[in-house]
Every structure is written in C-alpha cells, then in structure tokens.
Amino acid sequence: MNPSNLIELYIQEVTRRLPEQGREDIALELRSTIEDMLPDEYEEAEVKEALTKLGNPAVLAAQYRDQPQYLIGPRYYETYIQLIKMVLPIAAVIGVIAVFADQLFIYTGSVAEIDWVDFMTGLIGGVISQAVSVMLQAAFWITLVFAILERSGVKESTGEGWKRNPKGWTPEELYRIRNIPVEKKIAKTKVFFDLLVTAIGGCIFFNADRLIVVYESGQNGLERLMPVFNQDVLLSYWPWVVLWLALDVTLSIYKWLAGQWTYRMAALNAAVYAVTLCVFASMLLRADTLISAAFHVKMGEWFWFGYSSLADGGFTQASLLWITFFAITLAVSIDTWQGFRKAGIQPRPSSYK
Amino acid sequence: MNSLLNSFITELRRGTLTLAVLSQLRERQYGYSLVQRLENSGVAIDQSTLYPLLRRLEKQELVTSSWDTSESRPRKYYVLSPFGQEIYEQLKLEWERTSRELHDLLKGEDGHESIKSD
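All chains use their own residue numbering, which begins from 1 and follows the written sequence. The lettering of chains begins at A and the numbering of ligands begins at 1, in the order of writing. Selection of residues for local features in this predicted model requires a pLDDT of at least 70, selection of side-chain atom pairs for listing and counting requires 80 or more, and totals for whole chains, interfaces and linings are taken over all residues. Only heavy atoms go into the side-chain values, all of them from the structure, while hydrogens and water stay out.

Visitor: What should I look at first to understand the pattern of salt bridges in this one?
Guide: Note that side chains of opposite charge can pair when their charged atoms are close. Criterion for a salt bridge: a side-chain nitrogen of Lys or Arg within 4 Å of a carboxyl oxygen of Asp or Glu. Following the criterion strictly, the structure yields 20 salt bridges over all chains and no others. Note that glutamate 44 of chain A and lysine 48 of chain A form a salt bridge whose closest N and O atoms lie 3.5 Å from each other. Here glutamate 44 of chain A pairs with lysine 48 of chain A, and both are found in helix α3 (residues 44-54), just four residues apart, close to one helical turn. The cut-offs for exposure are 20% and 50% of the maximum accessible area for each residue type, with area from a 1.4 Å probe on protein chains only; residues under the lower value are buried, those over the upper are exposed, and the others partly exposed. For glutamate 44 of chain A, a relative accessible area of 28% corresponds to the partly exposed category. Between aspartate 194 of chain A and lysine 255 of chain A there is a salt bridge, with the nearest N and O atoms lying 4.0 Å from each other. Here aspartate 194 of chain A is found in helix α8 (residues 188-206), whereas its partner lysine 255 of chain A is found in helix α11 (residues 238-258), with 61 residues between them in sequence. With relative accessibility at 23%, the residue aspartate 194 of chain A sits in the partly exposed group. What emerges from the salt-bridge pattern is a single network uniting Asp25 and Glu29 of chain A together with Arg55, Glu58 and Lys76 of chain B. In DSSP terms, a helix is any run of H or I states spanning at least four residues, a strand is any run of E spanning at least two, and both are numbered starting from the N terminus.

Structure, rendered in structure tokens:
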C-alpha cells in the first residue's frame with residue numbers, strides 16, 4: 001500500500017469519530033504533524049512507526065471529543081439513583097394496573113366460562129412483561145433527561161444535585177438537620193406512597209370503564225354487568241385530571257426535596273387540594289350523566305327504600321352526593337390543617353449551641 | 001502491582017503536563033516541535049494526549065493558534081495568550097511551592113528511615 005494512503009486512512013479513522021465542525025482543521029493538523037515525524041522520503045515501515053506513536057485512532061478521537069465519556073457523572077449520580085429507586089416501583093404498579101384493566105376487559109362474558117389456568121397464565125405473564133416494559137420506559141426517560149442535563153453545560157458548584165447551598169456547606173446545617181422534629185419531617189416513604197396513590201388514581205381514571213365495574217352473581221356465576229361511569233363523560237374531564245396529576249406530582253417532588261413542612265409548603269398543599277376539590281365538585285354536579293344509566297337502575301334496586309335520580313329531584317342520590325362531597329372535603333380540610341400545624345412546629349432549641 | 005504503580009505515575013504526570021506545555025508555549029510552537037522540545041527536556045508525553053490538549057487550551061483561551069503556510073507544509077502554531085501567560089505564572093508559583101513542600105516532606109521521610117536503620 002502506498003504509505004501516504006496509510007496516513008489518509010488513519011486521519012479518516014480519527015475524524016469520522018469527531019463532530020463535523022473542526023474535523024477539517026484537525027485533519028490538516030494531524031497530516032502536518034505526521035509528516036513532521038517522518039523523513040522527507042518515507043517508507044511504509046516508518047509511517048507505521050509514526051502511527052504507532054499516535055496510537056489507536058479511536059482513543060485519539062476520544063481525546064479530541066471534549067465531551068464527558070460517561071452518561072451520568074458524579075454530580076447527578078446520587079439524585080439519579082434516588083429518583084430511579086422511587087419511580088421504578090411506581091412504574092411497575094402502573095404497568096400491573098394496565099394489565100388488569102386489559103385482562104378484565106377481555107372477559108366481558110360470564111366468569112364461569114373463564115378457563116382459569118389460561119386466565120392466570122395470561123395474567124401473570126402479562127403482569128411481568130408489562131411491569132418490565134413500563135419500568136424500562138421510565139428508566140430510559142429518566143436516564144435520557146439526566147444525560148442531557150449532564151451535557152447541557154448547566155454550570156453548577158460542587159455538591160450533590162440541585163440541593164446544594166450556593167454558599168457552600170457549613171457545619172451550621174448539622175444543627176438544622178438534628179433539630180427537625182419527627183412530626184415536622186416529611187419522610188421519603190410518605191412521598192413515595194403519595195406518588196404511588198397519585199399514579200394509581202390516574203391509571204384508574206383513564207381505565208375506569210374497565211376497572212370500576214359492577215359484578216353480580218347470575219345464572220353462570222359471577223357476571224360482569226356494567227361500568228359505573230359513562231367513560232365519554234368521565235374522559236371529558238381529562239385536562240383537569242392531567243392538571244391535578246401534574247400539580248400533585250410537582251408538590252410531591254417539592255416535598256421530597258424540602259423534606260419538612262413549611263408554611264409555604266402548607267399553602268401549596270392547600271392550593272393543590274383546592275384544585276382537586278374543584279375538579280371533584282364539577283364532576284359531582286354532573287353525576288347524572290357521569291354515572292351510567294345502567295348503574296342508576298342498579299342503584300334503584302339496591303336502595304329498596306326508594307331511589308330517584310337527581311333529575312327527578314330525587315332525595316337519595318342528592319344526599320349520597322352531598323355525603324361523598326362532605327366526606328372528601330373533611331378529609332382534605334384535616335390534611336390541610338395538619339400541614340399548617342406541622343409547618344408551625346418550631347425546631348427544638350439546640351442543646352449543642 | 002506494576003499496573004497500580006503505573007496508574008499512580010500517570011496520575012502524578014497528568015497534573016504537571018499542562019504546566020510543562022504552557023512553559024514551552026511562551027514562544028510559538030507547532031505540534032511536533034513541541035513534542036521534540038518536551039522530549040529533549042526528558043518529559044515523555046503521549047502524543048495522543050498532547051494534540052487534543054493543545055486544542056483544549058485554545059478553547060479555554062490560554063493559547064492562540066495560527067496557520068503558517070509559508071513553509072513546505074502548512075503548520076499550526078500555538079502561542080500563549082496574555083491570559084495564558086497570567087495563568088502560567090500562577091501555576092508556576094503553585095508548582096514551585098508544592099515541590100518545595102513535597103521535597104521537605106520526602107527529605108523528612110528519608111531522615112526517619114536512616115534513623116531507623118541506624
């Protein structure tokens with residue numbers, strides 16, 4: 001082979017691994033450098049010797065590429081792992097619920113006709129594969145976001161993730177950690193379960209036609225009767241439900257980062273609850289169309305003392321709605337109040353100062 | 001054990017490499033002349049490290065570069081910028097201080113050993 005071809009091949013092997021910009025300049029410089037290393041009239045053996053000194057073109061290209069050679073560096077590693085640990089189980093649960101919704105939907109007929117062995121293998125197989133696939137999805141997107149964050153050149157002082165103090169760490173922070181009373185703290189496990197409940201809630205909402213269904217024992221054993229809600233009407237609320245999901249998840253992340261109740265957090269908590277209540281109340285007001293006609297009839301059978309729909313000025317349904325609404329308002333109020341109470345707890349005076 | 005020693009040596013050298021390169025760039029140099037100057041002073045340098053390092057220094061505005069096409073083949077010359085000069089002087093002071101400290105430390109170590117062996 002012509003020795004100068006060897007040089008060109010080497011340069012090509014380096015530059016093809018580099019970004020377009022700067023490729024030409026590096027090629028030019030490399031060629032001139034290699035020729036500097038060689039005598040005026042060179043042989044193949046001498047070229048080989050020079051190229052050996054420059055080493056593996058892939059390694060050389062990696063040195064030129066001034067980008068991190070890792071996906072997620074030490075800066076974000078801890079936050080990344082914590083997030084993965086929290087999100088993956090939630091993702092798995094969502095996957096499982098989705099499978100249940102699917103499987104239950106398939107068997108619209110009589111439960112007695114179900115081939116149970118078939119059903120269970122299908123269910124278990126589906127659960128495993130769906131859980132794995134949702135977890136992979138979640139892991140992929142989180143990793144992608146962090147990898148972009150790593151490369152976006154967001155300048156950051158040393159310290160872990162985004163929880164750092166701009167002034168740097170001082171021993172004073174130890175007092176603060178020590179002195180948060182247990183009640184004022186927000187445990188990571190609590191945030192985890194909050195997120196889990198939110199995820200389950202969201203899943204059930206979008207699969208209500210398959211999950212919230214009345215079964216009744218009939219001639220052939222248990223029979224699937226009817227969905228409780230009109231899915232069309234229910235789904236017309238989706239922007240509101242998505243808003244609620246987004247607010248709830250944001251609040252949970254804020255709780256996770258802050259780790260303790262403050263007045264600001266209690267206020268945000270109250271605000272999210274207010275939105276939740278509004279969405280819920282607007283649903284209750286349309287309960288007449290929201291609840292399926294078939295289920296209205298069913299309710300009539302259950303409430304032997306007389307059931308009439310809201311449209312008929314019925315007493316029973318109206319009172320049911322009010323009871324539901326007040327129960328939820330009460331629960332929400334208690335939690336809101338608890339938030340403010342916990343925010344008000346003062347750190348114990350330190351015995352170390 | 002040998003590879004461990006090698007990794008320590010590499011680590012030791014890595015920090016000093018920038019200083020060595022900056023010191024030679026007070027006069028303008030092209031890649032290969034820099035390699036030769038360093039080698040003549042006994043500083044062994046991996047060429048696959050040096051050329052990318054030069055580009056990085058340029059990106060960090062410590063050196064400036066220019067192509068010289070007047071000779072038989074075009075060459076890219078690098079020279080310290082005023083900012084690079086400043087950084088170089090400070091690094092040099094830091095290095096001198098460190099090597100003095102280390103020198104004293106290591107001498108102390110030798111002293112102990114000679115006492116022990118006596």
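Visitor: It is not clear to me how the confidence of the model for chain A should be interpreted in this structure. Could you clarify?
Guide: Low pLDDT means the predicted coordinates in that region are not meant to be read closely. Confidence of the predictor at the level of single residues is given by pLDDT, which spans 0 to 100. Overall, the predicted model of chain A reaches an average pLDDT of 80, with 82% of residues at or above 70. Mean pLDDT across the secondary structure elements of chain A bottoms out at strand β2 (residues 221-227) of chain A, with 67, and peaks at helix α2 (residues 23-37) of chain A, with 90.

Visitor: Looking at this structure, how should I read the confidence of the model for chain B?
Guide: Residues and elements named next belong to chain B. For chain B, the average pLDDT comes to 86, and 91% of its residues sit at 70 or higher. Per-element confidence in chain B is highest for strand β3 (residues 75-80), whose mean pLDDT is 92, and lowest for helix α4 (residues 82-117), whose mean pLDDT is 83. Predicted as a complex, the structure gets a pTM of 0.57 and an ipTM equal to 0.79.

Visitor: Looking at this structure, how should I read helix α1 (residues 2-24) of chain B?
Guide: In an α-helix, one turn spans 3.6 residues, which is why side chains three or four residues apart end up on the same side. All names here are of chain B. The span one expects for a helix is its residue count, reduced by one, times 1.5 Å. For α1, spanning 23 residues, the distance from its first C-alpha to its last is 31 Å, which sits close to the expected 33 Å at 1.5 Å a residue. One fitted axis covers the seven residues ending at a residue, a second covers the seven starting there, and the bend at that residue is the angle between these axes. At threonine 16, α1 shows its maximal bend, which comes to roughly 35°. Along α1, the positions that sit buried rather than exposed are Leu17, Leu19, Ala20, Val21, Leu22, Ser23 and Gln24.

Visitor: What am I meant to see in the packing of aromatic side chains here?
Guide: How two aromatic rings sit relative to each other is given by the distance of their centres and the angle of their planes. Two rings from Phe, Tyr or Trp (for Trp, the six-membered ring) form a pair when their centres are within 6.5 Å of each other. A pair whose planes differ by under 30 degrees is stacked, one over 60 is edge-to-face, and the rest are tilted. Enumeration according to the criterion identifies ten aromatic pairs over all chains in this entry. Taking 5.0 Å as the distance between ring centres and 75° as the angle between the ring planes, the aromatic pair formed by phenylalanine 140 of chain A and tryptophan 141 of chain A counts as edge-to-face. A residue is classified by how much of its surface remains accessible, and tryptophan 141 of chain A, at 47% relative accessible area, is partly exposed. When the ring of tyrosine 30 of chain B is compared with that of tyrosine 77 of chain B, the centres are 5.4 Å apart and the planes differ by 80°; the resulting orientation is edge-to-face. Of this pair, tyrosine 30 of chain B sits in strand β1 (residues 29-30) while tyrosine 77 of chain B sits in strand β3, placing them 47 residues apart in sequence. Under the relative-accessibility criterion, tyrosine 77 of chain B is labelled buried at 9%.

Visitor: How do you make sense of the pairing of β3 of chain B when you look at a structure like this?
Guide: Along any regular strand, the residues point their side chains to alternate faces of the sheet. Residues and elements named next belong to chain B. Most of β3 is tucked away, with five of its six residues classed as buried. Where β1 meets β3, two bridges bridge the pair, whose relative direction is antiparallel. In the strand pairing of β3, glutamine 29 is matched with tyrosine 78. Both strand β2 (residues 63-68) and β3 contribute to a ladder of six bridges, which runs antiparallel. Bridge pairing links valine 63 to leucine 80 in β3. Hairpin connection, β2 to β3: the antiparallel pair is bridged by six residues. By definition, two strands form a pair when at least two bridges between them are found by DSSP.

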